[in-house]
There are 4 protein chains.
Amino acid sequence: SKYEYVKQFEKDDSLIPNTWLVIRLDGHGFHKFSDRHQFEKPNDHRALDLMNKCAEAVMIEIHDIILAYGQSDEYSFILKKESNLFNRRSAKIVSTIVSLFTSNYVFHWKTYFPDKELQYPPSFDGRAVQYPSNNNLRDYLSWRQADCHINNLYNTCFWALVHSGKTENEAENALRGTISSDKNELLHSSFDINYNNLPEMYRKGSVLIRKEANLMTLNQKGVEVIRKKKVVTTSHVDIIHDKFWKENPELNVSV
Amino acid sequence: SKYEYVKQFEKDDSLIPNTWLVIRLDGHGFHKFSDRHQFEKPNDHRALDLMNKCAEAVMIEIHDIILAYGQSDEYSFILKKESNLFNRRSAKIVSTIVSLFTSNYVFHWKTYFPDKELQYPPSFDGRAVQYPSNNNLRDYLSWRQADCHINNLYNTCFWALVHSGKTENEAENALRGTISSDKNELLHSSFDINYNNLPEMYRKGSVLIRKEANLMTLNQKGVEVIRKKKVVTTSHVDIIHDKFWKENPELNVSV
Amino acid sequence: SKYEYVKQFEKDDSLIPNTWLVIRLDGHGFHKFSDRHQFEKPNDHRALDLMNKCAEAVMIEIHDIILAYGQSDEYSFILKKESNLFNRRSAKIVSTIVSLFTSNYVFHWKTYFPDKELQYPPSFDGRAVQYPSNNNLRDYLSWRQADCHINNLYNTCFWALVHSGKTENEAENALRGTISSDKNELLHSSFDINYNNLPEMYRKGSVLIRKEANLMTLNQKGVEVIRKKKVVTTSHVDIIHDKFWKENPELNVSV
Amino acid sequence: SKYEYVKQFEKDDSLIPNTWLVIRLDGHGFHKFSDRHQFEKPNDHRALDLMNKCAEAVMIEIHDIILAYGQSDEYSFILKKESNLFNRRSAKIVSTIVSLFTSNYVFHWKTYFPDKELQYPPSFDGRAVQYPSNNNLRDYLSWRQADCHINNLYNTCFWALVHSGKTENEAENALRGTISSDKNELLHSSFDINYNNLPEMYRKGSVLIRKEANLMTLNQKGVEVIRKKKVVTTSHVDIIHDKFWKENPELNVSV
Ligand SMILES: Nc1nc2c(ncn2[C@H]2C[C@H](O)[C@@H](COP(=O)(O)OP(=O)(O)OP(=O)(O)O)O2)c(=O)[nH]1
Ligand SMILES: Nc1nc2c(ncn2[C@H]2C[C@H](O)[C@@H](COP(=O)(O)OP(=O)(O)OP(=O)(O)O)O2)c(=O)[nH]1
Ligand SMILES: Nc1nc2c(ncn2[C@H]2C[C@H](O)[C@@H](COP(=O)(O)OP(=O)(O)OP(=O)(O)O)O2)c(=O)[nH]1
Ligand SMILES: Nc1nc2c(ncn2[C@H]2C[C@H](O)[C@@H](COP(=O)(O)OP(=O)(O)OP(=O)(O)O)O2)c(=O)[nH]1
Ligand SMILES: O=P(O)(O)OP(=O)(O)OP(=O)(O)O
Ligand SMILES: O=P(O)(O)OP(=O)(O)OP(=O)(O)O
Ligand SMILES: O=P(O)(O)OP(=O)(O)OP(=O)(O)O
Ligand SMILES: O=P(O)(O)OP(=O)(O)OP(=O)(O)O
Ligand SMILES: [Mg+2]
Ligand SMILES: [Mg+2]
Ligand SMILES: [Mg+2]
Ligand SMILES: [Mg+2]
Ligand SMILES: [Mg+2]
Ligand SMILES: [Mg+2]
Ligand SMILES: [Mg+2]
Ligand SMILES: [Mg+2]
Ligand SMILES: [Mg+2]
Ligand SMILES: [Mg+2]
Ligand SMILES: [Mg+2]
Ligand SMILES: [Mg+2]
């Protein structure tokens with residue numbers, strides 16, 4: 001039709017080949033959202049489990065994702081360098097992943113919060129970033145995991161102080177200018193908390209990769225056999241140091 | 001930290017000022033989705049109502065949207081030229097709108113399909129397109145509405161033939177090469193259907209704009225008063241010809 | 001060959017349709033260049049004439065340019081909205097125009113500076129900017145012409161002071177904080193210069209458009225006839241106010 | 001001023017960090033240009049020397065270029081991965097390099113063509129391409145050098161046939177469908193030309209890198225001393241195989 005020319009205004013937004021693609025999404029206004037749903041402070045196990053469930057669903061759907069890393073209200077998905085998903089069109093990739101994640105969040109809410117009605121539909125923003133080298137990608141992930149650690153240490157102290165009776169203002173003042181060791185010490189001496197004993201999910205975030213697993217299935221004759229299959233597995237491990245990357249050479253991110 | 005440099009790899013994707021921004025989203029694999037949820041063919045009133053509900057929710061949340069147009073599994077949102085939403089950053093705008101829409105879709109599903117469980121979480125893709133002139137914007141919307149008409153006329157014939165006992169292949173063959181008037185004639189003579197009497201929502205799609213309405217509220221003294229407020233209203237009108245645009249001068253899309 | 005895949009790394013950088021395209025180029029390090037070639041201060045007629053000659057050559061080559069505006073070491077070229085030059089690919093358009101301009105600058109140097117050898121090859125940078133509306137384009141050109149005026153008024157005062165014996169520092173201090181009327185007054189009272197009587201090229205810059213002219217040619221029978229042809233014409237007029245645009249309706253930039 | 005808002009329409013076009021940047025320029029309409037200046041066929045030594053001179057001048061000016069490769073009417077400049085030239089703004093980089101090259105071309109024309117007046121100002125287009133890995137960069141350069149070889153072998157045969165009395169059409173037909181070995185054989189048997197003995201510049205193109213050289217200078221006491229300095233050197237070597245890259249480890253393009 002005579003209107004079809006308007007399609008030409010769509011810009012080609014494809015990302016260049018041979019770069020790692022990182023899609024990071026982040027909850028919109030989750031300060032308010034966590035409040036309205038009375039998330040436990042500083043970490044709500046159910047909320048994080050739900051985030052992980054959504055990330056897993058995204059990975060099951062989008063095969064080119066080799067790793068996902070999540071913490072707080074955010075998740076990063078790593079598409080392999082060679083990915084040709086949607087011809088590497090940025091908006092298609094970002095919108096699809098964000099939409100899938102969001103959809104799963106609402107869909108699975110009731111499983112993780114069986115006795116808390118979802119008050120309003122949450123949303124996430126998303127973006128795509130390209131990283132040319134393995135080193136850049138490792139640094140990206142280190143950046144997010146270091147961020148997780150710093151925020152969590154701070155929040156753990158903050159809420160310990162508040163739960164012990166301080167006002168939020170007083171807690172903030174008490175923590176101003178403190179460094180890591182101060183905070184560890186504070187937790188230890190005032191609250192008898194050994195930070196390193198807190199759940200790894202809170203301290204390190206969540207790492208999803210595909211790992212070969214033995215699946216029990218029936219063969220054509222109806223006999224039980226073991227089949228190797230890649231399944232998405234979740235752990236809460238350090239991804240800053242080399243160990244993880246050496247143990248998972250199939251990720252192809254050695255440096 | 002030493003990792004923060006990775007933030008510099010994020011590209012500035014902001015759209016230029018003073019253009020109409022169109023965000024179009026479209027259901028991913030809705031052929032299968034509509035099948036799995038036994039949508040009525042060719043149009044499922046509940047499915048379309050749900051789409052409209054989601055679009056309304058998006059408009060209530062994002063104030064810079066002046067109009068939304070939907071049909072089938074797609075929706076287009078028009079942001080006013082002057083919008084500075086997220087500093088006009090493309091990925092933030094697209095991902096947020098797609099996420100909000102998706103979230104509402106799952107959230108409100110049960111209201112529109114009370115006796116049909118959602119089988120799996122649906123998703124939508126999205127994109128942003130810039131249109132410099134009012135004419136371009138009008139042509140964009142005409143393009144979508146003409147598309148609605150063409151598909152709907154075809155689908156109406158197709159399913160009428162199928163419901164009357166033809167196979168899908170036979171129906172396809174019967175329609176090959178026909179023009180509009182042939183199809184109208186076919187509906188009329190074979191099925192006693194006057195196409196123009198079919199619901200406007202099916203033939204024209206749905207148009208959402210903000211209209212001033214009289215809202216009854218209580219004033220400070222507790223007395224009922226009428227307050228004028230802009231509310232999102234849905235209609236199924238022609239937006240190809242001038243009439244609509246003349247009747248809604250506040251949209252600023254006169255040509 | 002097996003190497004050809006590298007072509008896929010070229011990004012599509014085409015500009016959207018239906019916007020005014022402005023290509024602005026600017027001399028690289030012309031502070032030094034004007035010094036090394038002893039340009040007259042504040043304005044060197046030969047240097048500006050050479051710039052205008054280059055701009056004319058660009059316009060003769062690139063038909064889609066409807067207007068060019070130049071001042072100091074810069075030139076802006078306006079491509080009509082409908083232009084499909086190089087399929088609107090940004091880098092091709094910018095590089096070609098900058099290259100053509102540069103080439104002409106060196107080529108014609110000796111005509112404008114017959115007794116001054118070109119000391120080293122000058123260069124220019126360039127960029128493309130899109131303007132959606134006529135108003136935006138008018139404002140762009142007003143911005144450049146206002147800039148020309150402000151700089152020229154300042155420079156005229158500055159060099160008058162310096163030529164009268166002040167140091168450059170003293171001149172700078174004398175002008176700090178002055179407004180337009182102060183500077184006009186200074187020129188008038190101290191140097192008996194009426195700013196408005198200075199050459200228009202210095203005060204307004206140069207405007208190139210295509211105008212129909214009567215050209216004398218021979219027809220097929222060898223008889224002299226008058227032929228109407230569009231030729232590039234240079235003037236130094238105000239392009240901020242409406243007058244110019246009303247007098248040149250063929251530019252299609254009325255507002 | 002109230003016009004300054006127009007600067008916001010300039011888009012940030014910066015290239016992401018940590019990729020090799022390739023700026024390739026190519027003569028505009030050099031088929032005609034070489035004709036009008038009676039370039040020798042298929043290769044004009046003076047024309048190629050002039051191209052190399054311009055490339056050298058660009059490299060002397062732009063320090064981040066580590067290598068340049070030229071053939072026919074084109075040149076590719078490789079900026080090191082870490083380059084922050086113009087904050088990696090694409091249009092600034094491309095336009096500046098193209099402008100510098102063009103300027104030198106016209107400036108030095110008379111040195112290389114002392115008895116041939118430049119008939120009109122030539123121009124070049126340019127583009128920037130990003131390559132993430134060393135391999136990609138190597139493949140890019142191999143692509144250009146393979147292209148040089150293929151074209152040159154063809155052109156050598158073509159012009160040998162034409163110079164021997166064939167029409168251009170006949171020459172074209174004679175070469176249609178031939179492979180490399182056929183062409184080598186043709187040159188050998190019909191024209192007694194051993195292709196491999198032709199000048200390397202024609203067969204391989206030109207490679208410019210910075211190499212440490214011993215420069216004789218005077219020290220503060222006026223005594224002649226040898227100083228090591230990086231100077232741009234030109235050669236016509238194979239850059240497809242590993243040898244060149246192993247011999248020049250300072251380029252940091254090992255694979
Ligand atoms: N109580 C609680 N809050 C959480 C948990 N996970 C995330 N949050 C909250 C804490 C923060 O206020 C918020 C995440 O910070 P953001 O910087 O993303 O802020 P927010 O989402 O409010 O704003 P944004 O729209 O992203 O700019 O989510 C949790 O497990 N428990
Ligand atoms: N039965 C039924 N189907 C509908 C209705 N609305 C949309 N659909 C189906 C018909 C089409 O198969 C599909 C929309 O066409 P699309 O071109 O968007 O295809 P689809 O979403 O399958 O693929 P995509 O992922 O968008 O490329 O949705 C409805 O009201 N009733
Ligand atoms: N004496 C003299 N100088 C002129 C004339 N036209 C331009 N110039 C000089 C004055 C300024 O120093 C310079 C233009 O200012 P720019 O802001 O473009 O600075 P410049 O080119 O040095 O640096 P850039 O590479 O553009 O950042 O050119 C002229 O007619 N006479
Ligand atoms: N006779 C002769 N011609 C040459 C020499 N070097 C380049 N050329 C000519 C041969 C080709 O016609 C032309 C280069 O081919 P291109 O594909 O770049 O074509 P051209 O520049 O005409 O068109 P373009 O504007 O780049 O699309 O330049 C030379 O050394 N001798
Ligand atoms: O959202 P923040 O503050 O964590 O930082 P950001 O995500 O980089 O900011 P934005 O969402 O505006 O891109
Ligand atoms: O999805 P289609 O086939 O209606 O057409 P499109 O949306 O323009 O195609 P794509 O989703 O690939 O951009
Ligand atoms: O060059 P300036 O300082 O006049 O300003 P600009 O041209 O906008 O700056 P840049 O050349 O860095 O884009
Ligand atoms: O100019 P060509 O034909 O060698 O090929 P290209 O340079 O890739 O084409 P374009 O100049 O149009 O980008
Ligand atoms: Mg954010
Ligand atoms: Mg958030
Ligand atoms: Mg967050
Ligand atoms: Mg689509
Ligand atoms: Mg769809
Ligand atoms: Mg659709
Ligand atoms: Mg500048
Ligand atoms: Mg300058
Ligand atoms: Mg300047
Ligand atoms: Mg080309
Ligand atoms: Mg060429
Ligand atoms: Mg060429």
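Structure: see above.
Everything numeric here is computed off the predicted structure, so don't read it as measured data.

### Digging into the site of ligand 8
Near ligand 8 you find K7, R89 and K92 of chain C together with R127 of chain D, and these make up its full shell. Surrounding ligand 8 are residues belonging to chains C and D, so the site spans chains. K7 of chain C places a polar side-chain atom, nitrogen or oxygen, 2.6 Å from an oxygen atom of ligand 8. R89 of chain C places a side-chain nitrogen or oxygen 2.7 Å from an oxygen atom of ligand 8. Considering ligand 8 on its own, with 340 Å² of exposed area, one finds that the protein chains cover 45% of that surface. Along the lines of polarity and charge, the residues of the shell around ligand 8 split into no nonpolar, no polar and four charged.

### Side note on the interface of chain A and chain B
On the chain B side, the residues contacting the 45 residues of chain A number 45 residues. Joining chain A to chain B, the criterion identifies six salt bridges. Linking R127 of chain A and E10 of chain B is a salt bridge whose minimum nitrogen-to-oxygen distance equals 3.0 Å. Seen at the junction of chain A and chain B, the total is 20 residue pairs in polar contact (both at pLDDT 80 or more). Among the secondary structure elements, those contributing two or more residues to the side of chain A that touches chain B are α3 (90-112), β4 (124-131) and α4 (134-163) of chain A.

### A word on the packing of aromatic side chains
Under the counting rule described, the total for this entry stands at 88 aromatic pairs over all chains. With centroids separated by 5.5 Å and ring planes inclined at 90°, the aromatic side chains of F33 of chain C and Y120 of chain C adopt a geometry described as edge-to-face. Remark: Y120 of chain C occurs in the loop between α3 (90-112) and β4 (124-131) and F33 of chain C occurs in helix α1 (residues 30-36); sequence separation between them is 87 residues. On the basis of an interplanar angle of 10° and a centroid distance of 5.5 Å, the ring pair of F39 of chain D and F113 of chain D is categorised as stacked. Of this pair, F39 of chain D sits in the loop between α1 (30-36) and α2 (45-61) while F113 of chain D sits in the loop between α3 (90-112) and β4 (124-131); the two residues are 74 residues apart in sequence, bridging distant segments of the chain. Among the residues examined, F39 of chain D registers a relative accessible area of 13% and is labelled buried.

### Describing the coordination of the magnesium ion (ligand 17)
All names here are of chain C. With distances of 2.1 to 2.2 Å, the protein atoms coordinating the magnesium ion (ligand 17) are D26 (OD) and D73 (OD). Separating the magnesium ion (ligand 17) from the magnesium ion (ligand 16) is a distance of 3.5 Å, and D26 supplies a donor atom to each of them. Pair noted here: D26 is in strand β1 (residues 20-27) and D73 is in the loop between β2 (65-71) and β3 (74-79), with a separation of 47 residues, a long-range link. Given a relative accessible area of 24%, D26 falls into the partly exposed group. For D73, a relative accessible area of 14% puts it in the buried group.

### Section: unusual backbone geometry
Residue P42 of chain A follows K41 of chain A across a cis peptide bond; omega there is 0°. Among the structural elements, P42 of chain A can be located in the loop between α1 (30-36) and α2 (45-61). Positioned with a positive phi, N87 of chain C is a non-glycine residue whose angle comes to about 50°. The exposed category is assigned to N87 of chain C, whose relative accessible area is 51%. The phi torsion at R88 of chain C lies on the positive side, around 60°, for a residue other than glycine. Inspection of the secondary structure assignment puts R88 of chain C in the loop between β3 and α3.

### Considerations on the relation of the copies chain A and chain B
For the pair chain A and chain B, the relating rotation is 180°, the translation along its axis is 0.0 Å, and the fit reaches an RMSD of 0.0 Å. Both copies are brought into coincidence by an operation consistent with a two-fold rotation axis. Mapped onto chain B, 100% of the interface residues of chain A again fall at the interface, so both copies present the same surface.

### A look at the sheet that holds strand β6 (residues 224-235) of chain A
Residue and element names in this part refer to chain A. Pairing is antiparallel across the open sheet formed by six strands, whose spatial order is β4-β1-β3-β2-β5-β6. For this open sheet the edge positions go to β4 and β6, each flanked by a neighbour on one side alone. When the angles between neighbouring strand axes are averaged without regard to direction, this sheet yields 25°. Each of β1 (20-27), β2 (65-71), β3 (74-79) and β4 is contacted by α3, which is oriented at about 140° to β4, the strand it contacts most. Across the face of the sheet, α4 comes into contact with β1, β2, β3 and β4 while running at roughly 25° to β2.

### A few points about the coordination of the magnesium ion (ligand 14)
Those donors, D26 of chain B (OD) and D73 of chain B (OD), are the protein atoms that reach the magnesium ion (ligand 14), and they lie 2.1 to 2.2 Å from it. If you look at the magnesium ion (ligand 14) and the magnesium ion (ligand 13), they sit 3.5 Å from each other and are both ligated by D26 of chain B.

### Topic: the packing of helix α4 (residues 134-163) of chain D against helix α6 (residues 180-191) of chain D
Residues and elements named next belong to chain D. Viewed as axis vectors pointing N to C, α4 and α6 meet at an angle of 35°, and their least axial separation amounts to 10 Å. Every pair of crossing elements has a handedness; the one defined by α4 and α6 is left-handed. Counting all contacts with α4, which are made through H149, L153, Y154, T156, C157, A160 and L161, the residues of α6 involved are S180, K183, N184, L186, L187 and F191. Across the contact of α4 with α6, the residue classes break down as eight nonpolar, four polar and one charged.

### Side note on helix α3 (residues 90-112) of chain B
Along an α-helix, a turn takes 3.6 residues, which lines up residues three or four apart on a common side. End to end, α3 of chain B covers 32 Å across 23 residues, agreeing with the expected 33 Å (1.5 Å per residue, within 8%). The largest bend in α3 of chain B comes to about 35°, at V106 of chain B.

### Thoughts on the site of ligand 1
Residue and element names in this part refer to chain A. If you check the shell around ligand 1, you find 15 residues, and the closest are D26, G29, F30, D44 and D73. Interatomic distance of 2.7 Å between a backbone N/O atom of G29 and an oxygen atom of ligand 1. At 2.9 Å, a backbone N or O of D44 approaches an oxygen atom of ligand 1. Taking 630 Å² as the accessible area of ligand 1 by itself, protein coverage stands at 66%. Those elements that place two or more of their residues in the shell around ligand 1 are β1 and α1. Tallied by class, the residues present in the shell around ligand 1 amount to three nonpolar, seven polar and five charged.

### A closer look at the side chain of H37 of chain A
Residue and element names in this part refer to chain A. Within the secondary structure, H37 is located in the loop between α1 and α2. You can call H37 buried: its relative accessible area is 0%. There is a polar contact of 2.9 Å between the side chain of H37 and the backbone oxygen of F33. Those residues in contact with H37 that sit more than four places away from it in its chain are W109, K116, E117, L118, Q119 and Y120.

### As for the relation of the copies chain A and chain D
Here chain A sits on chain D after a turn of 180° about the axis and a move of 0.0 Å along it, with an RMSD of 0.0 Å. When the interface residues of chain A are mapped onto chain D, 100% of them are again interface residues, pointing to one common binding face.

### Quick notes on the interface of chain A and chain D
Each side of the interface is counted separately: chain A has eight residues, and chain D has eight residues. The contact between chain A and chain D buries some 580 Å² in all, and 57% of this surface belongs to carbon and sulfur atoms. Taken together, the connections running from chain A to chain D amount to zero salt bridges. For the pair chain A and chain D, the interface holds four residue pairs in polar contact (both at pLDDT 80 or more).

### Structural notes on a positive patch on the surface
A cluster of basic side chains, namely K11 of chain A, K11 of chain B, K11 of chain C together with K11 of chain D, defines a positive patch on the protein surface. Within the secondary structure layout, K11 of chain D lies in the segment before β1 (20-27). Owing to a relative accessible area of 38%, K11 of chain D belongs among the partly exposed residues under this scheme.

### As for the pattern of salt bridges
All names here are of chain D. This model, assessed by the stated rule, comprises 56 salt bridges over all chains. Residues E10 and K7 are paired through a salt bridge, measuring 3.0 Å at the closest nitrogen-oxygen approach. By relative accessible area, which is 38% here, K7 ends up partly exposed.

### Focus: the sheet that holds strand β6 (residues 224-235) of chain D
All names here are of chain D. The six strands are arranged β4-β1-β3-β2-β5-β6 in an open sheet whose pairing can be described as antiparallel. Looking along the sheet, the strands with just one partner apiece sit at the ends: β4 and β6. In this sheet, adjacent strand axes meet at a mean angle of 25° when their direction is disregarded. Bridge count for strand β2 (residues 65-71) against strand β3 (residues 74-79) is six bridges, and the pairing is antiparallel. Opposite G70, over in β3, you have Y75 as the bridge partner. Against the sheet, α2 touches β2, β3, β4, β5 (206-218) and β6, its axis set at about 65° to β5. Along the sheet face, α3 touches β1, β2, β3 and β4 and points at about 140° away from the line of β4.

About the criteria used
Residues numbered from 1 in each chain as written. Chains lettered and ligands numbered in written order. Predicted model: local features only at pLDDT ≥ 70, side-chain atom pairs only at ≥ 80, totals over all residues. Heavy atoms only, no water. Near = heavy atom within 4 Å. Polar contact = N/O pair within 3.5 Å; in protein donor to acceptor, adjacent residues only side chain to side chain. Areas by Shrake-Rupley, 256 points an atom, 1.4 Å probe, with all protein chains shown as cover. Nonpolar A, V, L, I, M, F, W, Y, C, P; charged D, E, K, R; others polar. Contact = heavy atoms within 4.5 Å. Salt bridge = Lys/Arg side-chain N within 4 Å of Asp/Glu carboxyl O. Helix = DSSP H or I, 4+ residues; strand = E, 2+ residues; numbered from the N terminus. Phe/Tyr/Trp six-rings, centres within 6.5 Å; stacked < 30°, edge-to-face > 60°. Buried < 20%, exposed > 50% of the residue type's maximum accessible area, 1.4 Å probe, protein only. Donors = N, O, S within 2.8 Å, 3.2 Å for Na, K, Ca; no water. Least-squares fit on C-alpha atoms with pLDDT ≥ 70 in both. Pairing = 2+ DSSP bridges. Axes fitted to C-alpha atoms, helices over the stretch in contact; angles between N-to-C directions. Left-handed = near helix turned anticlockwise from the far one by under 90°. Expected span 1.5 Å × (residues − 1). Bend = angle between axes of the 7 residues up to and from the residue. Buried area = accessible area lost by both parts, 1.4 Å probe. Patch = residues over 30% accessible without salt bridge, like charges linked within 9 Å, V, L, I, M, F, W, Y side chains within 5 Å. Lys, Arg positive; Asp, Glu negative; His and termini not counted. Charge placed at Lys NZ, Arg CZ, Asp CG, Glu CD.

Interpretation in functional terms is not warranted from these geometric data alone.
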